[in-house]
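Tertiary structure, described
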Amino acid sequence: MTVRDIILTRLRETLRQPHLPFPPAHSEPLTHTERMTVTHVDGDIWAQAHRFAQELHAVKGSCELLETVTEARLSVVSRLQLWLEEEQAARKTTDAERPEDWDVLCWPLDQLQIEGLSPILQELGFKLIQPTDLHDPDQRERIRYVRAGITTAEAAFASTGSFVVGGRGPNARAASLTPFRHLVVIPFSRLYATGEDWLAHMRHAGKLDAYLRQSRNLSIITGASKSADLEGNLTTGVHGPKVVHAILFDDLQQ
């Protein structure tokens with residue numbers, strides 16, 4: 001008997017023990033849909049948005065659900081201003097002493113689908129940084145201590161409060177990984193009940209293969225960055241943002 005056979009035999013004998021809760025002694029075979037879907041969400045797009053917010057809150061993230069692009073624009077500005085004020089209070093500084101690291105690392109603003117955002121932020125004194133080549137040491141140093149980043153998401157999943165950040169742009173990951181605080185703007189048109197629904201949509205539209213080939217990586221983000229040691233002590237913000245705030249807005253009724 002090979003080592004493989006010994007291991008499989010032990011597993012089979014263990015699983016046959018009647019007192020184990022899993023697997024059930026008498027279970028119906030899974031359907032194709034059940035086998036391919038891990039999570040499930042019912043309801044219309046607003047029900048899905050509320051589920052997304054609930055799941056994100058459960059993993060220490062925060063979320064706003066808004067009805068219009070105008071509300072989303074005001075919310076982005078208000079959130080950045082609030083974060084700046086919190087930082088100034090912690091450092092005991094004033095508006096005249098705004099720290100240089102409070103520039104905002106962001107994707108091209110047209111990708112956020114919120115018009116008029118750039119002039120408002122610039123009027124309030126926020127400098128928007130969009131590096132062109134992070135292989136350049138000077139550009140890397142420029143964003144090293146940036147405290148806030150803004151992105152959108154390729155897709156968001158209501159069932160888990162997760163969202164996908166793609167790696168198609170030259171520096172797509174930087175704004176979602178480097179800053180202390182990550183602000184993600186998600187239109188309802190990119191919200192799906194589950195991750196499986198998004199993959200099915202992309203596959204049926206004939207876009208999945210091309211999308212994956214064009215993306216150097218895909219990051220599925222669920223709340224703040226987390227890490228735990230061997231004793232199970234959870235720490236946030238170790239390998240990425242400590243604060244993640246999502247703004248979901250209805251772009252389907254515009």
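Below is a summary of the structure that appears in this document. Remember, it's a predicted structure, so these values are computed and weren't measured experimentally.

Rules behind the numbers
Residues numbered from 1 in each chain as written. Predicted model: local features only at pLDDT ≥ 70, side-chain atom pairs only at ≥ 80, totals over all residues. Heavy atoms only, no water. Helix = DSSP H or I, 4+ residues; strand = E, 2+ residues; numbered from the N terminus. Buried < 20%, exposed > 50% of the residue type's maximum accessible area, 1.4 Å probe, protein only. Areas by Shrake-Rupley, 256 points an atom, 1.4 Å probe, with all protein chains shown as cover. Core = buried A, V, L, I, M, F, W, Y, C linked by side-chain atoms within 4.5 Å. Contact = heavy atoms within 4.5 Å. Salt bridge = Lys/Arg side-chain N within 4 Å of Asp/Glu carboxyl O. Pairing = 2+ DSSP bridges. Axes fitted to C-alpha atoms, helices over the stretch in contact; angles between N-to-C directions.

**Comments concerning the overall build of the protein**
- Along the protein, the regular secondary structure elements total nine helices and 12 strands.
- Across its three principal axes, the protein shows a C-alpha extent of roughly 75 × 45 × 35 Å.
- For the protein, the residues scored as buried account for 39% of the 254 residues in total.
- As displayed, the protein has an accessible area near 15200 Å², and 53% of this comes from carbon and sulfur atoms.

**Topic: the nonpolar core**
- Among the nonpolar cores identified, the biggest contains 28 residues, and Phe 52, Phe 163, Ile 186, Ala 246 and Leu 248 are the most heavily contacted of them.
- Every element with two or more residues in this core is listed here: helix H3 (45-58), strand E6 (162-166), helix H7 (174-177), strand E7 (181-187) and strand E12 (243-249).
- In terms of residue count, H3 provides more of this core than any other element does, four residues in total.
- Apart from residues lying up to four places away in sequence, Phe 163 is in contact with Phe 52, Ala 153, Ala 155, Ala 156, His 182, Val 184, Ile 186, Ser 219, Ile 220, Ile 221 and Val 244.

**Re the pattern of salt bridges**
- Per the stated rule, a full pass over the model turns up seven salt bridges.
- Across the salt bridge formed by Arg 51 and Glu 55, the nearest N and O atoms sit 2.8 Å from each other. Taken as a pair, Arg 51 and Glu 55 lie in helix H3 at a separation of four residues, close to a single helical turn.
- Here Arg 51 falls in the partly exposed class, since its relative accessible area comes to 25%.
- One salt bridge connects Arg 142 with Asp 103, and the closest N-O pair in it is separated by 2.7 Å.

**Structural notes on the sheet that holds E12**
- If you walk across this open sheet you meet the six strands as E1-E12-E7-E4-E2-E3, and the pairing is parallel. Since the sheet does not close on itself, it has two edges, and those belong to strand E1 (62-66) and strand E3 (128-129), each with one partner.
- Of the pairings in the sheet, the one linking strand E2 (residues 104-106) to strand E4 (residues 148-152) comprises three bridges and is parallel in character. The partner of Val 104 across the bridge, within E4, is Ala 148.
- Packing of H3 onto the sheet brings it into contact with E1, E7 and E12, and relative to E1 it is tilted by some 165°.
- Those strands touched by helix H4 (residues 69-91) are E1, E2, E4, E7 and E12, and its axis lies near 175° from that of E7.

**Let's talk about unusual backbone geometry**
- Despite not being glycine, Lys 60 shows a phi value in the positive range, around 70°.
- On the secondary structure map, Lys 60 appears in the loop between H3 and E1.
- Assessed through its relative accessible area of 68%, Lys 60 is described here as exposed.

Just distances and angles here, no functional claims.
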